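# Secondary and tertiary structure notes
Single-letter residue listing:
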Amino acid sequence: MTTRQYDIVLFGATGFAGELTARYLALHAPRDTRWALAGRSRAKLQAVRSGLADLDATLADLDLIVVDAADAPALRAVAESTNVVVTTVGPYVWHGEPIVAACAAAGTDYVDLTGEPEFVDTMFVRHHATAVASGARIVHACGFDSVPHDLGAYFTLLQLPANVPVTIAGYVEVDAAFSGGTAHSAITALSRGRANVSAARSRRQSEVIDPARAVKSGPGRPHRVAATGGWALPMPTLDPQIVGRSARAVERYGPDFRYTHHLSLPHLWTAAGLVGGVGAMATLAQIPPARRAVLKRVPQGSGPSEAKRARSWFRVTFVGEGGGRRIVTRVSGGDPGYDETAKMLAESALALAFDDLPVTAGQVTTVQAMGDALLDRLQKAELTFEVLEA
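This text gives an overview of the structure that appears in the document.

## Some words on the overall build of the protein chain
- Across its full length, the protein chain carries 15 helices and 15 strands.
- Taking all 390 residues of the protein chain together, the buried fraction comes to 53%.
- Taking the contacts inside the protein chain whose residues are at least 6 apart along the sequence as the reference set, 79% of them involve residues at least 24 apart.
- Accessible area of the protein chain: about 16900 Å², with a carbon and sulfur share of 53%.

See below:
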């Protein structure tokens, strides 16, 4: 694919997360990277490019590609022009499939920042086989969903003996605000419970799983957790599914691997309030007028200010046991939803474009596709992976 016009095309560059990703690439991609911005509004693309030129004058002539998320022929041309497509255009369940299909058919690597299980499962059923045949690597969830959890569990695993049963529990702590785009994706997912169940069932029916290795992953149970000094609640996000898929694909996870995923909160009353709030939002999401009213209050393209993001942080603490050893590790960083997500997404694209990686194809996880290379990149990019207790 070295003869293609671009190394990377960033699709959705005019959105909140897309523009942050563009800025990260402008500051950190190798100077000889051939990349372009894509979106449906030339005027907005030009405005983003102008901002990038303030960071690096050589980007004043960065190529712009005007394309709509629903224009399948145009998206196919985009996919055929580049080695890697990065997309931030969501909610992905509404807008994501055409570019996945284009990349799978063209043998083009693909990364996104979705946290939508229905979308990921549906894309596996519809496009995994095509991507395997073409050699495309389709890598979903390359932002806060689910890089810190997938790579954090992998980093923890590497501290434990090989070829033994392993149990890892992850505990997520976050202080951050979220954008309109994130709200739209979350509320859309909450409103589509039956569709999520149906997509998961279709995936189970079509996915081949090695019966020789036991893997179990999912949200944990409520309990007091010493590692964070807080209360742990089950966290039924996409993250434990991604960790489990990495474990099934990579032999280093051993013959029997178990992972549980939790949200850690400092006080029991905080946990009770959160459960009530999520329940209320899930109820509102089922009522179309209420859902539309909520979404109008958080328009897509909006997001927290730079000052708010500067005060935001995350940490994910992992407790791992295996081979008679116990290990406590932590992944931590700044603003999880935007600044650090832009970093994770951009570094994932750069790894696919330039690094010496394992031979994989089809829908694969971050660990499966990029593992050690992405871990090294993110550590150099000042995400912290550390051992707290050994």
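## Regarding the pattern of salt bridges
- Taken as a whole, this structure holds 16 salt bridges when the rule is applied.
- Two residues, Glu 97 and Arg 126, come together in a salt bridge whose shortest N-O distance is 2.6 Å. In this pair, Glu 97 sits in helix 5 (residues 97-106) while Arg 126 sits in helix 6 (residues 117-134), placing the two residues 29 residues apart along the sequence.
- Residue classification places Glu 97 among the partly exposed positions, given a relative accessible area of 24%.
- As a salt-bridge pair, Asp 256 and Arg 258 come within 2.7 Å of each other at their nearest N and O atoms.

## Let's talk about helix 2 (residues 42-55)
- For helix 2, spanning 14 residues, the distance from its first C-alpha to its last is 20 Å, which sits close to the expected 20 Å at 1.5 Å a residue.
- Those residues of helix 2 not exposed but buried are Leu 45, Val 48, Arg 49, Gly 51, Leu 52 and Ala 53.

## Re the packing of helix 7 (residues 147-158) against helix 15 (residues 366-380)
- In contact at an axis separation of 10 Å, helix 7 and helix 15 are set at 85 degrees when each is read in the N-to-C sense. Accordingly, the angle class assigned to the pair helix 7 and helix 15 is roughly perpendicular. Across from Val 147, Asp 150, Leu 151, Tyr 154, Phe 155 and Leu 158 in helix 7, the residues of helix 15 making contact are Thr 366, Val 367, Gly 371, Asp 372, Leu 374, Leu 375, Leu 378 and Gln 379.
- In the contact of helix 7 with helix 15, the residues fall into nine nonpolar, three polar and two charged.

## A few points about the nonpolar core
- Grouped together as the largest cluster of nonpolar side chains are 68 residues, with contacts concentrated most on Trp 35, Leu 37, Leu 52 and Phe 257.
- Counting 26 residues, the second largest nonpolar core, distinct from the first, contains Val 9, Val 67, Val 85 and Val 89.

## Regarding the sheet that holds strand 1 (residues 6-11)
- Strand order across the open sheet formed by seven strands is 3-2-1-4-5-6-14, with parallel pairing between neighbours. Edge positions in the open sheet fall to strand 3 (63-66) and strand 14 (362-363), since each of these has one partner strand only.
- Along the sheet, helix 3 (residues 72-80) contacts strand 1, strand 3 and strand 4 (82-87); its crossing angle with strand 4, the most-contacted strand, is approximately 125 degrees.

## What to know about the packing of helix 5 against helix 6
- Where helix 5 meets helix 6, the closest approach of the two axes is 8 Å, and the angle between their N-to-C directions is 20 degrees. Judged on the interaxial angle alone, helix 6 and helix 5 are roughly parallel. Crossing of helix 5 against helix 6: the hand is right-handed. Contacts between helix 5 and helix 6 involve Glu 97, Val 100, Ala 101, Cys 103, Ala 104 and Ala 105 from the former and Phe 119, Met 123, Arg 126, His 127, Thr 130, Ala 131 and Ser 134 from the latter.
- A breakdown of the residues in the contact of helix 5 with helix 6 according to their chemical character gives eight nonpolar, three polar and two charged.

## A look at the packing of aromatic side chains
- For the structure shown, the criterion picks out six aromatic pairs.
- For the pair Tyr 92 and Phe 119, a centre-to-centre distance of 5.5 Å together with 40 degrees between the ring planes defines the contact as tilted. With Tyr 92 in helix 4 (residues 92-95) and Phe 119 in helix 6, the pair connects residues that are 27 residues apart, well separated along the chain. Exposure class is identical for Tyr 92 and Phe 119. Each is buried.
- Ring centres of Tyr 253 and Phe 257 lie 5.0 Å apart, and the angle between their planes is 85 degrees; on these two criteria the pair is classed as edge-to-face. Assigned by exposure class, Tyr 253 and Phe 257 land together as buried.
- Put simply, the rings of Tyr 154, Tyr 253 and Phe 257 pair up and form one aromatic cluster.

Analysis parameters
- For every chain, the first residue of its written sequence is number 1, and the numbers climb from 1 along that sequence.
- Side-chain atom pairs in this predicted model are given and counted only at pLDDT of 80 or more, local residue features only at pLDDT of at least 70, and totals for whole chains, interfaces and linings cover all residues.
- Hydrogens and water molecules were not included; the side-chain quantities draw on all heavy atoms of the structure.
- Elements are defined by DSSP. Helices are runs of H or I of four residues or more, strands are runs of E of two residues or more, and each kind is numbered from the N terminus.
- Burial classes: relative accessible area under 20% of the type maximum marks a residue as buried, over 50% as exposed, and values in between as partly exposed (1.4 Å probe, protein chains only).
- Contact between two residues is taken to exist if any of their heavy atoms lie within 4.5 Å; hydrogens are not considered.
- Here the Shrake-Rupley method, with its probe set to 1.4 Å, supplies the accessible areas, and only the displayed protein chains count as covering residues.
- The working definition used for a salt bridge is a side-chain nitrogen of Lys or Arg within 4 Å of a carboxyl oxygen of Asp or Glu.
- A helix is expected to reach a length of 1.5 Å times the quantity of its residues less one.
- Lines fitted to the C-alpha atoms define the axes, with helices restricted to the stretch that makes contact. Angles between their N-to-C directions range from 0 to 180 degrees.
- Any angle between 65 and 115 degrees counts as roughly perpendicular, while under 35 counts as roughly parallel, over 145 as roughly antiparallel, and the rest as oblique.
- Here the term charged refers only to Asp, Glu, Lys and Arg, the term nonpolar to Ala, Val, Leu, Ile, Met, Phe, Trp, Tyr, Cys and Pro, and the term polar to all other amino acids, Gly among them.
- Within this scheme, the nonpolar core is defined by two criteria: the residues are buried Ala, Val, Leu, Ile, Met, Phe, Trp, Tyr or Cys, and they are joined through side-chain atoms within 4.5 Å.
- In short, DSSP must find at least two bridges between two strands for them to pair.
- Should the near helix be turned counterclockwise from the far one by less than a right angle, the crossing is left-handed, whereas a clockwise turn marks it as right-handed.
- Any pair of Phe, Tyr and Trp rings, taking the six-membered ring for Trp, is counted once the centres come within 6.5 Å. Such a pair is stacked with planes under 30 degrees apart, edge-to-face with planes over 60 apart, and tilted for the rest.

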